[in-house]
Amino acid sequence: MSDATISVIMPVYNGRSYLEASVRSAAFQTLPPVEILIVDDGSADGSADFAETLETPFSKRVLRVANGGQSRARNIAAAEAKGEFLAFLDHDDIWHRDHLRRLMEPFAKDPDLGWSYSDIDEMDHDARVVHQRLLRTLNPEAEHPKKSLYNLLASDMFIFPSAAVVRAEAFHAVGGFDERLSGYEDDDLFLRLFRAGWGNALVPESLMRYRRHTSSSAFSERMWQSREIFATKLMAEFPNDRDLSRFWVRDLIAPRFYRNGLEEYVRHLARGRHDLCALALGVIRRYSDLSEPGLRRRFRQYFIYKLMEHPRIFSRLYKLLRRDPRFHARRRRKPAQA
C-alpha cells in the first residue's frame, strides 16, 4: 500500500535523551509517513523544546499538554492525525527502516484488517541489543496473530504499541485508548478491536527495538494501578457464565493476574524490596480467591501466604519451596466451549 497515508504518533514524557534516535528512525523509513505528531506529556526536561529542533522530511507537529499519561497523549494526537493509519512510536523505542512498509503489506490483502504488528528486539539503556525475536520468550503461551478470546484473556498479549500500525477508522470506532490506563492500555485496545470484529496480522520478523530500563512505564506505580483497573474491567465484562460453562474469571482472568502477582513477589524478594513484596502478596491473595481453589488448596495456601508476609524469613525458605510444584500457580482449567 504505497499510497497509504500514515501518521506517526509519539507520546513523550521526560524523554529528551532518547528522542532524537526515535524521531530519526521514523524519518528514514522506506515507506515515509505523511506526518509525525509528538505529544509532550508535561515533561520537565525540555523534551518539547528539543523536539521542535528536530528535522523530518515530512510534517512535524509538537503538541504540549499537561501530564495525563501516555494513553491520553496518544488519543490527543490521534484526534489531530490526518493519516488513514496510525503508527505508534514511544519516545525511547526505535524502528527498523522497513518497519512501516512491512506492516502495511497485510492491509493490502484484507480490507477488514484493523491492525498489524511485528516481533520485537529488546535493547538496553544505551541502545545495545539484548535479545532478538522476543515475543515467544516473553510469553510462549500467547497466540500470534490473535484468533481466540480465550487466549486473549488468559495471558498478557505482548503486542507493543511501537510494533503496531492501526487503521484509524478502527481506532476511533472503539474509542481509542482507555485514558485511565498507563500500562495494559495496549492489551485493552487490541482486545476491544478484536471484539469489534477487526482482524489482525503478525509480521513475524522483528521490525523495532524496544528499550527496557528502570525509568520506563513498566516499572512505575502507575503501572500497578493500571493493572488493577484493567483486571477489574475484564471481570466486569466477562463474568463467569455457568449456563455456558464459560468460567472467564475463574479459569482465565484470575489465574492470569495471580501469576503476575507471584512473579512480582519473587522479583521484589530477590532485590530485597520487602515493601513491594507486601503489595504483590495482596494481588496474589485477591486472585487466588477468585480462582475458587478447593478446600485442600486453600488450607495449603493459608500457611504459605502467612510465611510470605515475612519476606526476610521467606527468602531463606524460597529456594526449597520453589522446587515444590504446589507453590506455583495451578495449571489453568480450559473452559468448555459451547
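Of the regular secondary structure elements, the chain holds 13 helices and nine strands. Over its C-alpha trace the chain gives a radius of gyration of 21 Å, about what one expects of a compact globule, namely 20 Å for 338 residues. Taken along its principal axes, the extent of the C-alpha atoms in the chain is 65 × 45 × 35 Å. Within the chain, the proportion of its 338 residues that are buried is 54%. Looking at the chain alone, contacts between residues at least 24 apart form 75% of all its contacts between residues at least 6 apart. Summed over all atoms, the accessible surface of the chain reaches about 16,000 Å², with 50% contributed by carbon and sulfur. Across the chain, the centroid of the 53 positively charged side chains sits 9 Å from that of the 47 negatively charged ones.

In the structure shown here, the tally under the stated rule is 26 salt bridges. Across the salt bridge formed by Arg64 and Glu52, the nearest N and O atoms sit 3.7 Å from each other. In this pair, Arg64 sits in strand S3 (residues 59–65) while Glu52 sits in helix H2 (residues 47–53), placing the two residues twelve residues apart along the sequence. For Arg192, the salt bridge goes to Asp188, with nearest N and O atoms at 2.9 Å. One end of the pair is Arg192 and the other is Asp188, both in helix H8 (residues 185–195) and four residues apart, which spans about a single turn. One connected set of salt bridges, linked through shared partners, spans Asp98, Arg101, Arg102, Glu105 and Glu205.

Let's shift gears to the packing of aromatic side chains. Applying the stated rule across the entire model yields 16 aromatic pairs. Here the aromatic cluster, defined as three or more aromatic residues joined through ring pairs, consists of Tyr184, Phe230, Phe257 and Tyr287. Directly above the aromatic system of Phe247 lies the positively charged group of Arg250, at a separation of 3.9 Å from the ring centroid.

Let's shift gears to helix H4 (residues 99–109). Residues of H4 that are buried: His99, Leu100, Arg102, Leu103, Met104, Pro106 and Phe107. The secondary structure elements touched by the buried residues of H4 are strand S1 (6–12), strand S4 (85–88), strand S5 (94–95), strand S6 (113–123), strand S8 (164–167) and strand S9 (199–211).

This paragraph deals with helix H12 (residues 295–308). End to end, H12 covers 20 Å across 14 residues, agreeing with the expected 20 Å (1.5 Å per residue, within 8%). Those residues of H12 that fall on the buried side of the exposure criterion are Arg297, Gln301, Ile304, Tyr305 and Met308. Buried positions in H12, seen along its axis, are confined to an arc of 100 degrees and lie on one side of it. Exposed side chains of H12 directed beyond 90 degrees from the buried face belong to Leu295, Arg296 and Phe299.

Along the polypeptide, Ser291 turns up in the loop between helix H11 (274–290) and H12. Reaching out from Ser291, the side chain makes a polar contact with the backbone oxygen of Ser288 at a distance of 2.7 Å.

Along the chain, the position of Arg286 falls in helix H11. Residues contacting Arg286, with those up to four places away along its chain left out, are Glu228, Thr232 and Met235. In this structure the side chain of Arg286 is engaged in a polar contact, spanning 3.4 Å, whose partner is the side chain of Thr232.

Moving on to the pairing of S9. Relative to S9, S5 runs antiparallel, the two sharing two bridges. Across the sheet, residue Trp95 finds its bridge partner in S9, namely Met208.

Here we take up unusual backbone geometry. Here the amide bond leading from His144 into Pro145 is cis, since omega sits at -10 degrees, within 30 degrees of zero. Along the polypeptide, Pro145 turns up in the loop between helix H5 (135–138) and helix H6 (149–154). Unlike most non-glycine residues, Ala127 shows phi in positive territory, near 70 degrees. Along the polypeptide, Ala127 turns up in the loop between S6 and strand S7 (129–131). Although it is not a glycine, Glu292 sits at a positive phi angle of roughly 55 degrees. Here Glu292 is to be found in the loop between H11 and H12.

Calculation notes
- Residues numbered from 1 in each chain as written.
- Predicted model: local features only at pLDDT ≥ 70, side-chain atom pairs only at ≥ 80, totals over all residues.
- Heavy atoms only, no water.
- Helix = DSSP H or I, 4+ residues; strand = E, 2+ residues; numbered from the N terminus.
- Rg over C-alpha atoms; globule rule 2.2 N^0.38 Å.
- Buried < 20%, exposed > 50% of the residue type's maximum accessible area, 1.4 Å probe, protein only.
- Contact = heavy atoms within 4.5 Å.
- Areas by Shrake-Rupley, 256 points an atom, 1.4 Å probe, with all protein chains shown as cover.
- Lys, Arg positive; Asp, Glu negative; His and termini not counted.
- Charge placed at Lys NZ, Arg CZ, Asp CG, Glu CD.
- Salt bridge = Lys/Arg side-chain N within 4 Å of Asp/Glu carboxyl O.
- Phe/Tyr/Trp six-rings, centres within 6.5 Å; stacked < 30°, edge-to-face > 60°.
- Lys NZ or Arg CZ within 6 Å of the ring centre and 35° of its normal.
- Expected span 1.5 Å × (residues − 1).
- Arc of directions from axis to C-beta.
- Polar contact = N/O pair within 3.5 Å; in protein donor to acceptor, adjacent residues only side chain to side chain.
- Pairing = 2+ DSSP bridges.

Such coordinate-based values are descriptive only and should not be taken to indicate function.
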